[in-house]
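Letter by letter, the chains look like this.
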Amino acid sequence: MSTLHTVNKSPFENNSLTSCLQLCSGEDSILLIEDGTYGGCESSPCREPLTRLMEDGINVYVLENDASARGLHTFLQGVELVDYPGFVKLSCTHQCIQSWY
Amino acid sequence: MPMKFTVVILGAPEGSLSSRSALEFCHALLEQNHQIERLFFYADGVHNASSLIAPPQDEADLPASWSQLINEYKLDAVVCIAAALKRGILDHNEQTRYEKNAANLGACFSLSGLGQLIAASSVSDRTITFGS
């Protein structure tokens with residue numbers, strides 16, 4: 001079953017992204033929102049596992065509104081930006097949504 | 001194809017970013033013609049249903065924005081009664097029952113139990129939680 005994982009906490013202060021990465025597999029995708037957007041940056045403490053998952057075909061998205069509100073404009077290679085309409089579409093194309101917070 | 005969503009809101013309007021995220025998500029959902037089966041306000045999210053929150057004029061009034069959305073689209077907005085009572089969110093029935101001097105639940109919200117979340121989720125295509 002494909003799952004959209006949303007993560008809303010910064011990996012610099014919380015281990016929700018780390019936990020998410022350990023359970024993410026198959027057709028899953030990850031969407032970083034709110035302070036979770038820091039997790040997609042080049043300086044992310046989760047850089048290595050995140051890059052490995054992307055190489056395995058997991059899609060990683062960052063909510064553009066939240067990223068730009070934090071002055072974040074460059075992300076790890078392979079990370080895609082989405083807006084709220086895109087967030088809704090991801091919710092529909094995955095069979096369930098798991099929130100990490 | 002339009003889908004039915006249950007949206008769970010766990011964050012208070014103050015001190016959390018998730019109430020705003022949930023609100024923006026709901027707007028985007030409805031603009032794409034999806035349906036919201038039920039909004040369920042739980043844990044600190046119950047504060048969004050208070051009619052007494054009065055933020056400064058240059059700050060967002062999320063409880064007012066929720067009420068506007070609920071009224072505009074005639075949404076079913078349920079607030080967990082146990083979570084609400086212990087945070088001081090009361091309707092007139094609970095005010096009378098607990099002999100308190102005020103009720104503050106917004107007119108477009110209703111107090112009910114967790115069963116309402118399960119019932120909505122069971123008939124929805126998707127359930128999404130906006131954590132605190």
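Residues numbered from 1 in each chain as written. Chains lettered and ligands numbered in written order. Predicted model: local features only at pLDDT ≥ 70, side-chain atom pairs only at ≥ 80, totals over all residues.

A.B. asks: Lay out the overall build of chain B in plain terms, naming residues and giving numbers.
C.D. replies: Of the regular secondary structure elements, chain B holds five helices and five strands. Going from N to C terminus, chain B has its helices and strands arranged as β-α-β-α-β-α-α-β-α-β. For 132 residues, the compact-globule formula gives about 14 Å, and the C-alpha radius of gyration of chain B, at 14 Å, lands near that figure. Projected onto its principal axes, the C-alpha coordinates of chain B cover approximately 50 × 35 × 25 Å. (Helix = DSSP H or I, 4+ residues; strand = E, 2+ residues; numbered from the N terminus. Rg over C-alpha atoms; globule rule 2.2 N^0.38 Å.)

A.B. asks: Could you give an account of the sheet that holds strand S4 (residues 109–112) of chain B, naming the residues involved and the relevant values?
C.D. replies: All names here are of chain B. Pairing in this open sheet of five strands is parallel, and the strands run S4-S3-S2-S1-S5 from one edge to the other. Both outer strands of the open sheet, S4 and strand S5 (126–130), are each paired with one neighbouring strand and no more. Each strand of the sheet is rotated relative to its neighbour by a mean of 25°, with strand direction disregarded. Both strand S2 (residues 35–41) and strand S3 (residues 77–80) contribute to a ladder of three bridges, which runs parallel. Along S3, the bridge assignment pairs Leu 39 with Ala 77. Contacts between helix H1 (residues 18–31) and the sheet are confined to strand S1 (4–9), S2 and S5, with S1 contributing the most and set at about 165° to the helix. (Pairing = 2+ DSSP bridges. Axes fitted to C-alpha atoms, helices over the stretch in contact; angles between N-to-C directions. Contact = placed C-beta atoms within 7 Å.)

A.B. asks: Go over the interface of chain B and chain A, please, and point to the residues and values.
C.D. replies: Listed by partner, the interface residues are 16 residues for chain B and twelve residues for chain A. Put simply, the parts of the chain that give the side of chain B that touches chain A at least two residues each are H1 and S5 of chain B. Here the side of chain B that touches chain A gets six residues from one element, more than from any other, and that element is H1 of chain B. Of the residues that constitute the side of chain B that touches chain A, the class distribution is seven nonpolar, seven polar and two charged. (Nonpolar A, V, L, I, M, F, W, Y, C, P; charged D, E, K, R; others polar.)

A.B. asks: Tell me about the nonpolar core, and please be specific about residues and values.
C.D. replies: Residue and element names in this part refer to chain B. Val 7 and Val 79 are the most contacted members of the largest nonpolar core, which totals 60 residues. The element best represented in this core is H1, accounting for five residues. Leave out the neighbours within four places in its chain, and Val 7 touches Ala 22, Cys 26, Ile 36, Leu 39 and Ile 128. (Core = buried A, V, L, I, M, F, W, Y, C linked by C-beta atoms within 7 Å. Buried ≥ 20, exposed ≤ 12 C-beta atoms within 10 Å, placed from the backbone.)

A.B. asks: Give a detailed account of the environment of Asn 93 of chain B, specifying residues and quantitative values.
C.D. replies: Along the polypeptide, Asn 93 of chain B turns up in helix H4 (residues 92–97). Residues Asn 93 of chain B and Ile 53 of chain B, 40 residues apart in the sequence, show an inter-C-alpha distance of 21 Å.

A.B. asks: Could you give an account of the pairing of S2 of chain B, naming the residues involved and the relevant values?
C.D. replies: Residue and element names in this part refer to chain B. Buried residues dominate S2, accounting for six of its seven residues. The pairing of S1 with S2 spans six bridges and is parallel. Along S2, the bridge assignment pairs Phe 5 with Ile 36. Crossover S1 to S2 through H1 is right-handed. For the handedness criterion, the β-α-β arrangement of S2, helix H2 (residues 62–73) and S3 is classed as right-handed. (Right-handed = clockwise from strand over helix to strand, strands pointing away.)

A.B. asks: Go over the packing of helix H4 (residues 84–93) of chain A against H1 of chain B, please, and point to the residues and values.
C.D. replies: H1 of chain B packs onto H4 of chain A with a crossing angle of 75° between their chain directions and a minimal axis gap of 9 Å. By the angle class used here, H4 of chain A and H1 of chain B are roughly perpendicular. Contacts from Tyr 84, Pro 85, Phe 87 and Val 88 of chain A of H4 of chain A reach H1 of chain B at Glu 24, Phe 25, Ala 28 and Leu 29 of chain B. Looking at the contact of H4 of chain A with H1 of chain B, its residues break down into seven nonpolar, no polar and one charged. (Parallel < 35°, antiparallel > 145°, perpendicular 65-115°, else oblique.)

A.B. asks: I'd love a proper account of the pairing of strand S1 (residues 3–7) of chain A, names of residues and values included.
C.D. replies: Where a strand is regular, its side chains alternate between the two sheet faces. Residue and element names in this part refer to chain A. Burial within S1 is extensive, with four of its five residues counted as buried. Judged from the five bridges that link them, S1 and strand S5 (residues 96–100) form a sheet pairing that is parallel. Its bridge partner lying in S5, Leu 4 is registered against Ile 97. Judged from the four bridges that link them, S1 and strand S2 (residues 29–32) form a sheet pairing that is parallel. Residue pairing in the sheet places Thr 6 in a bridge with Leu 31 of S2. Between the parallel pair S1 and S2, the chain is carried across by helix H1 (residues 16–23), and the sense of this crossover is right-handed.

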